Amino acid sequence: MKRKKTPPGFVCKTLSSGRIVFAIRRKSLDIYTVHTDVSRELDRLVKFTNQFNCVKFHLARSNRYFWKIDLRAAFDHVTFESMSSLKDLPREVWYTPSLFFHENGGLIQGAPASPKLFQLFCQQGIDPIIQEFCKRNALTYTRYADDLLFSCRVPIGKSAREKIRRIIRERGFQINEDKVKLVDTCKEHLVYLGMNIFGGKASPTEEFINRLDHTPKGASQAGMLGWKNSVLACNR
């Protein structure tokens, strides 16, 4: 996909990870105000899934076979055209799409309202379809942003995986094949959202435990210990 042009009223920034995002210019108060209003309106419409619940939901069902999927450049594939069919799209987005989408398509990465618009699209445009399919096929499904996780008590067959892939493609997304993983967690570890899933249990990764052991006592260590406890609580 071509590199996006910087939208009017925004500045282009490159993060340490190499990812390119766009921030609203300081003088563009009108754009900031519109994004703030849309974000507030979306607060009553969208619900973000807790990362720990994403894992706990699967473990509570004693599932051992997991399939992890990552959507490639997910924001780039949510266009105004694809969102125009949503029943709850804020009117500001309808009337001024250039403040939220690139001229050649895709949500503006880094814009304040983009994460919630993406969540709205997924909640209405892809989650219900996948959930319905999974319900019919005894699969468990959760999504955290652009990370999709499926699990089952029996191996997830090729036919089911292909049908899910088709649903994803039909909704305009692409799959990052380098990050797709199919695992029997009774034989192999699966790292998901910084957690290690193995043998029906979730635990912090070895890398995290290493960092925790070398972190001096204080606020940082306390925060890490809280995160560790949240991971272990997934097993209850």
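As shown above, the structure is provided for reference.
Residues numbered from 1 in each chain as written. Predicted model: local features only at pLDDT ≥ 70, side-chain atom pairs only at ≥ 80, totals over all residues. Heavy atoms only, no water.

1. Points about the sheet that holds strand 7 (residues 190-192)
The following threshold applies: A pair of strands is treated as paired once DSSP finds two or more bridges between them. Per the convention used, a helix needs a DSSP run of H or I reaching at least four residues, while a strand needs a run of E reaching at least two, with both numbered from the N terminus. Axes here refer to lines fitted to C-alpha atoms; in helices the fit is confined to the stretch in contact. Angles between the N-to-C directions go from 0 to 180 degrees.
The 3 strands are arranged 7-8-9 in an open sheet whose pairing can be described as antiparallel. The two strands at the open ends of the sheet, each matched to only one other strand, are strand 7 and strand 9 (201-204). Each neighbouring strand pair of the sheet contributes to a mean axis angle of 35°, computed without reference to strand direction. Sheet topology places strand 8 (residues 195-198) next to strand 9; 4 bridges connect them, and they run antiparallel.

2. Observations concerning the nonpolar core
The nonpolar side chains of soluble globular proteins are, as a tendency, buried together. To be explicit about the condition: Residue types Ala, Val, Leu, Ile, Met, Phe, Trp, Tyr and Cys, when buried and joined through side-chain atoms within 4.5 Å, form a set referred to as a nonpolar core. Only protein chains enter the accessibility calculation, which uses a 1.4 Å probe; a residue is then buried when its area is under 20% of its type maximum, exposed when over 50%, and partly exposed in between. Residue contacts are counted whenever heavy atoms from the two residues lie within 4.5 Å of one another.
The biggest cluster of nonpolar side chains holds 46 residues, and the ones touching the most others in it are Met83, Leu117, Ile130, Phe150, Ile168 and Phe173. Of all elements in the fold, only strand 2 (20-24), helix 1 (29-43), strand 3 (65-70), helix 3 (80-83), helix 5 (114-125), helix 6 (127-136), strand 5 (147-152) and helix 7 (158-170) reach the threshold of two or more residues within this core. Considering each element in turn, this core owes the most residues, 5 residues, to helix 5. In contact with Met83, other than residues within four places in its own chain, are Val78, Leu89, Phe101, Leu117, Leu120 and Phe121. Among the nonpolar cores identified, the runner-up in size contains 15 residues, and Phe52, Phe66, Val183 and Leu193 belong to it.

3. A closer look at the sheet that holds strand 4 (residues 140-144)
The 4 strands lie next to each other as 4-5-3-6, forming an open sheet whose pairing is antiparallel. Looking at the sheet topology across the chains shown, the edges are occupied by strand 4 and strand 6 (181-184). Averaged over all pairs of adjacent strands, the angle between strand axes in this sheet comes to 15°, irrespective of strand direction. As paired strands, strand 3 and strand 6 are joined by 4 bridges and run antiparallel to one another. Bridge pairing in strand 6 places Lys68 opposite Lys181.

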